[in-house]
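# Analysis of the macromolecular model
Listed below, chain by chain, are the residues.
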Amino acid sequence: MQIQGKAAMVVGGASGMARATAEMLREAGADVAILDLPQSAGAEVAAGMGATFHPCDVMDADSVDTAFASAMDTLGALHIAVNTAGGGIAMRTISKKGPHPIDEFRRVIEFSLVATFNLNRLQAWHMRENEPEDGERGVIIDTASVAAFEGQIGQVAYTAAKAGVAAMMLPMARDLGTLGIRSVAIAPSLFETGLTSLAPPEMQAELTRDNAFPRRMGKPEEYAQLALAIVRNPMLNGSCIRLDAGVRFAPK
Ligand SMILES: NC(=O)c1ccc[n+]([C@@H]2O[C@H](COP(=O)([O-])OP(=O)(O)OC[C@H]3O[C@@H](n4cnc5c(N)ncnc54)[C@H](O)[C@@H]3O)[C@@H](O)[C@H]2O)c1
């Protein structure tokens, strides 16, 4: 899909990988709506790149509906969706304190998997209205993690959620294929965003020592480059692409 003149929604776009993607989409000529938490830097970040900001908490379906309505008002259509809001906790299946609290497990699944699917179903619903371009109406990009494939000790909930994101790309692509809507996930290894960017250099070196090459954290722009490549290449569909410098995580 050509990016120039298209409409994009970037969820989590106030920071990190989604922010870099929003910027790159703007540079490539797309209209961009950023959805992020009300207390995020979304308004300022959006204004800085000529995008619009629509506050929401992806865990709250009503606030997502409101933000969608407002984003669709300004965009007029939706061709490209990028979703990064998500995250996990460090908690083992059992610990000295007892079994993994089930509510904590549910919360991670809600945040990283259910909230992502909630966005996807709404995004696809709007994309179906587009006039097709070479048969194509839209592309959805979700964010998994290499933890989807090699979850480490304490990542049982996060891995379950991110594996769910990776696994749903194929059935979603099949569900939406007749409409010309694609779905692809990106599975980053460690990227320099939020908390990870605050790690001192020695810790960053330790955390990335098993990378084949390069032995450093990924940069938000490198996620953005892949996201734009996915938008442009119609053969990418129904899969989860690792963006990981050749690392395979050890148990811890
Ligand atoms: N950074 C890494 O090393 C790494 C590695 C693998 C996967 N991931 C995944 O990437 C995503 C995080 O992206 P990032 O690393 O660019 O982090 P980031 O913290 O820079 O950006 C995340 C954005 O999501 C927003 N957000 C958080 N909770 C939200 C909510 N409930 N509703 C709406 N917006 C919300 C935040 O305000 C923030 O702007 C997560 O899904 C995470 O699992 C990150």
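Located above this text is the structure these notes cover.
Residues numbered from 1 in each chain as written. Predicted model: local features only at pLDDT ≥ 70, side-chain atom pairs only at ≥ 80, totals over all residues.

Grouped together as the largest cluster of nonpolar side chains are 73 residues, with contacts concentrated most on Ile34 and Ala227. In terms of residue count, the dominant contributor to this core is helix α5 (residues 156–176) (10 residues). Residues in contact with alanine 227, not counting those within four places in the same chain, are Thr21, Val82, Ile141 and Ile186. (Core = buried A, V, L, I, M, F, W, Y, C linked by C-beta atoms within 7 Å. Buried ≥ 20, exposed ≤ 12 C-beta atoms within 10 Å, placed from the backbone. Helix = DSSP H or I, 4+ residues; strand = E, 2+ residues; numbered from the N terminus. Contact = placed C-beta atoms within 7 Å.)

Bringing helix α7 (residues 220–232) into the picture now. Because an α-helix packs 3.6 residues into every turn, residues spaced three or four apart end up facing the same way. Compared with an ideal rise of 1.5 Å per residue, which puts 13 residues at 18 Å, α7 spans 19 Å between its outermost C-alpha atoms and is within 8% of the ideal. The set of residues buried in α7 consists of Pro220, Tyr223, Ala224, Leu226, Ala227, Leu228, Ile230 and Val231. Those residues of α7 that are buried are in contact with α1 (16–27), β4 (80–83), β7 (138–143), β8 (181–188) and β9 (240–243). (Expected span 1.5 Å × (residues − 1).)

The local shell around the ligand holds 25 residues, among which Gly12, Ser15, Gly16, Gly86 and Gly194 are the closest. Broken down by element, the shell around the ligand gets its largest block of residues, three residues, from α1. Across the shell around the ligand, the residue classes break down as 11 nonpolar, 12 polar and two charged. (Near = placed C-beta within 6 Å. Nonpolar A, V, L, I, M, F, W, Y, C, P; charged D, E, K, R; others polar.)

The next point concerns the environment of glycine 5. Tracing the chain through its elements places glycine 5 in the segment before β1 (7–11). Residue class for glycine 5 comes out exposed when judged on the 10 C-beta atoms lying within 10 Å of it. When the C-alpha atoms of glycine 5 and alanine 28 are compared, they prove to be 8.7 Å apart, with 23 residues separating the residues in sequence.

With that settled, the discussion passes to the pairing of β1. The buried fraction of β1 amounts to five of the five residues, a majority that puts the element mostly inside the structure. Judged by which residues are buried, β1 turns out to be covered on both faces: Ala7, Met9 and Val11 on one side and Ala8 and Val10 on the other are all buried. Pairing of β1 with strand β2 (residues 31–36), which is carried by five bridges, proceeds in the parallel orientation. Bridging from a neighbouring strand, alanine 8 pairs with valine 32 of β2. Traced from β1 through α1 to β2, the parallel crossover comes out right-handed. Inspection of the sheet shows β1 paired to β4 by four bridges, in the parallel sense. Looking at β4, one finds that valine 10 is bridged to valine 82. (Pairing = 2+ DSSP bridges. Right-handed = clockwise from strand over helix to strand, strands pointing away.)

Before going further, it helps to spend a moment on the environment of valine 156. Tracing the backbone shows valine 156 in helix α5. Residue class for valine 156 comes out buried when judged on the 20 C-beta atoms lying within 10 Å of it. Once you skip the residues sitting within four places of it in the chain, valine 156 turns out to touch Thr93, His100 and Gly151.

Sheet analysis places β2 next to strand β3 (residues 52–55), joined by four bridges and oriented parallel. In the sheet register, aspartate 36 faces β3, and the bridge partner there is proline 55. Note on the crossover from β2 through helix α2 (residues 42–49) to β3: the handedness is right-handed.

Following phenylalanine 213, the chain continues into proline 214 via a peptide bond in cis, with omega recorded as -10°. Even without being a glycine, aspartate 134 presents a positive backbone phi close to 50°. Looking at where aspartate 134 falls in the secondary structure, it is placed in the loop between α4 (102–127) and β7. Positive phi outside glycine occurs at alanine 245, with the angle close to 55°. Within the secondary structure, alanine 245 is located in the segment after β9. With 19 C-beta atoms packed within 10 Å, alanine 245 lands in the partly exposed category.

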